[in-house]
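The chain contents come next:
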Amino acid sequence: MAIIEATNINLFYGQKQALFDVNLAFQEHTVNALIGPSGCGKSTFLRSLNRMNDLMPNVTITGEIKVDGQNIFSPTTDLVQLRKKVGMVFQQPNPFPFSIYDNVAFGPRIHGIRDKQILDELVETSLKQADLWEAVKDRLQDNAAGMSGGQQQRLCIARVLAVKPEVILMDEPTSALDPVSSGKIENLIYDLKSDYTIVIVTHNMQQASRISDNTAFFLSGKVIEFDKTAHIFSNPSDKRTDDYISGRFG
Ligand code: ADP
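Residues numbered from 1 in each chain as written. Predicted model: local features only at pLDDT ≥ 70, side-chain atom pairs only at ≥ 80, totals over all residues. Heavy atoms only, no water.

A. Up close: the packing of helix H3 (residues 100-110) against helix H6 (residues 149-161). Put simply, H3 and H6 touch, their axes get as near as 7 Å, and they point 35° apart. In this structure, the crossing between H3 and H6 has a hand that is right-handed. Listed contacts from H6 to Ile100, Asn103 and Val104 of H3 are Leu155, Ala158 and Arg159. Considering only residue class, the contact of H3 with H6 consists of four nonpolar, one polar and one charged. (Axes fitted to C-alpha atoms, helices over the stretch in contact; angles between N-to-C directions. Helix = DSSP H or I, 4+ residues; strand = E, 2+ residues; numbered from the N terminus. Left-handed = near helix turned anticlockwise from the far one by under 90°. Contact = heavy atoms within 4.5 Å. Nonpolar A, V, L, I, M, F, W, Y, C, P; charged D, E, K, R; others polar.)

Rendered as structure tokens:
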């Protein structure tokens, strides 16, 4: 079943059109990579999926995005609920300047969970899912700022997991990390897909081919093709995709 279905998305920053008739659907429990040269609209599209950009002044968006069959642009959409369902991890790890525990408990608290035992359990489960529990279980009250970059990014993933999302959007989540930390995040993404649907923007073609089931190739605000990752990387249908993945431009 498609958990996200974007139909005829056109997006403008002022007069400048950044997305042209984008149609993409993502199936449940898959990893979907968005690739393409810088400035081709990958982040813009990603941010549309939980309405991170259409509320900015000057942004106009047309078309429809359904999450679980519901149009997210409907006037009745509750943005807090939407972002609980569709969480986001950014390029730069951005933990809050709080303790490790409070970072993970932040989302559940916003959603009204006060019971300490439930919060403790959520914090532990989320940190375990993010492969961070063993490293931090004895220092949950330490400030997150003292963690390494890779740990901070896994903390940001734990923070998203703590509110039990269905979809996780990731905008180049490893590009600020060293290769070992990146590898850990890649393994994590691979493991998470049994429970979540992941949409990831990446500049790294090897990363896309290692971790994703499906890949969308964007060029100048358009989706040139979207297919099984193995197909995109071995036998793309469009010459422009072939040129890009072969390193002939971008
Ligand atoms: P990518 O993620 O593929 O690098 P982006 O989605 O960031 O591409 O950008 C697509 C286009 O939209 C680019 O031309 C970029 O300059 C423009 N753009 C992105 N964000 C903004 C913004 N907040 N205001 C105006 N233009 C923007």
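Continuing now.
B. Inspection of helix H7 (residues 179-192) at higher detail. The first and last C-alpha atoms of H7 sit 20 Å apart over 14 residues, in line with the 20 Å expected at 1.5 Å per residue. Taken as a whole, H7 has its buried residues at Ser181, Ser182, Ile185, Glu186, Leu188, Ile189 and Leu192. Looking straight down H7, one finds that the buried residues subtend no more than 160° of arc, so they occupy a single side. Exposed residues pointing more than 90 degrees away from the buried face of H7 are listed as Pro179, Val180, Asn187 and Asp191. The elements touched by buried residues of H7 are strand E3 (31-35), helix H4 (116-129), H6, strand E7 (167-171), strand E8 (197-201) and helix H8 (205-211). At the N-terminal end of H7, a side-chain oxygen is found 3.0 Å from the backbone nitrogen of Val180, two or three residues along, and the residue is Asp178. (Expected span 1.5 Å × (residues − 1). Buried < 20%, exposed > 50% of the residue type's maximum accessible area, 1.4 Å probe, protein only. Arc of directions from axis to C-beta. Polar contact = N/O pair within 3.5 Å; in protein donor to acceptor, adjacent residues only side chain to side chain.)

C. Focus on H3. Buried within H3 are the following residues: Ile100, Tyr101, Asn103, Val104, Ala105, Gly107 and Pro108. Those residues of H3 that are buried are in contact with H4, helix H5 (133-136) and H6. Once H3 ends, the next one or two residues include Gly112, with phi positive near 95°.

D. A look at the packing of H4 against H6. Where H4 contacts H6, the two axes come as close as 8 Å, and the packing angle between them is 130°. The orientation of H4 relative to H6 falls into the category oblique. H4 and H6 meet at a crossing whose hand is right-handed. Across from Ser126, Leu127 and Gln129 in H4, the residues of H6 making contact are Leu155, Ala158 and Leu161. In terms of residue class, the contact of H4 with H6 is made up of four nonpolar, two polar and no charged. (Parallel < 35°, antiparallel > 145°, perpendicular 65-115°, else oblique.)

E. Representation of the side chain of Asn103 in the model. The residue Asn103 is located in helix H3 in this model. At a separation of 3.4 Å, a polar atom in the side chain of Asn103 contacts the side chain of Arg159. Residues within four places of Asn103 in sequence aside, it is in contact with Pro95, Phe96, Phe98, Ala144, Leu155 and Arg159.

F. Looking closely at the sheet that holds strand E6 (residues 86-89). Sheet architecture is open: six strands sit in the order E6-E7-E8-E3-E9-E10, paired in mixed fashion. Two strands bound the open sheet, and with one partner strand each, they are E6 and strand E10 (222-228). Put simply, the sheet's adjacent strands are angled 15° from each other on average, direction ignored. Across four bridges, E3 lies against E8 in parallel orientation. The residue bridging Asn32 from the neighbouring strand is Val199, located in E8. Sitting on the sheet, H7 touches E3, E7 and E8, and the angle it makes with E8 is about 145°. (Pairing = 2+ DSSP bridges.)

G. Structural view of the pairing of E8. E8 sits mainly inside the fold: five of its five residues count as buried. Across the two faces of E8 the burial is the same, with Thr197, Val199 and Val201 and Ile198 and Ile200 all buried. As paired strands, E7 and E8 are joined by five bridges and run parallel to one another. Within the sheet, the bridge partner assigned to Val167 lies in E8 and is Thr197. Once the chain exits E7 it traverses H7 before rejoining the sheet at E8, and the crossover so formed is right-handed. (Right-handed = clockwise from strand over helix to strand, strands pointing away.)

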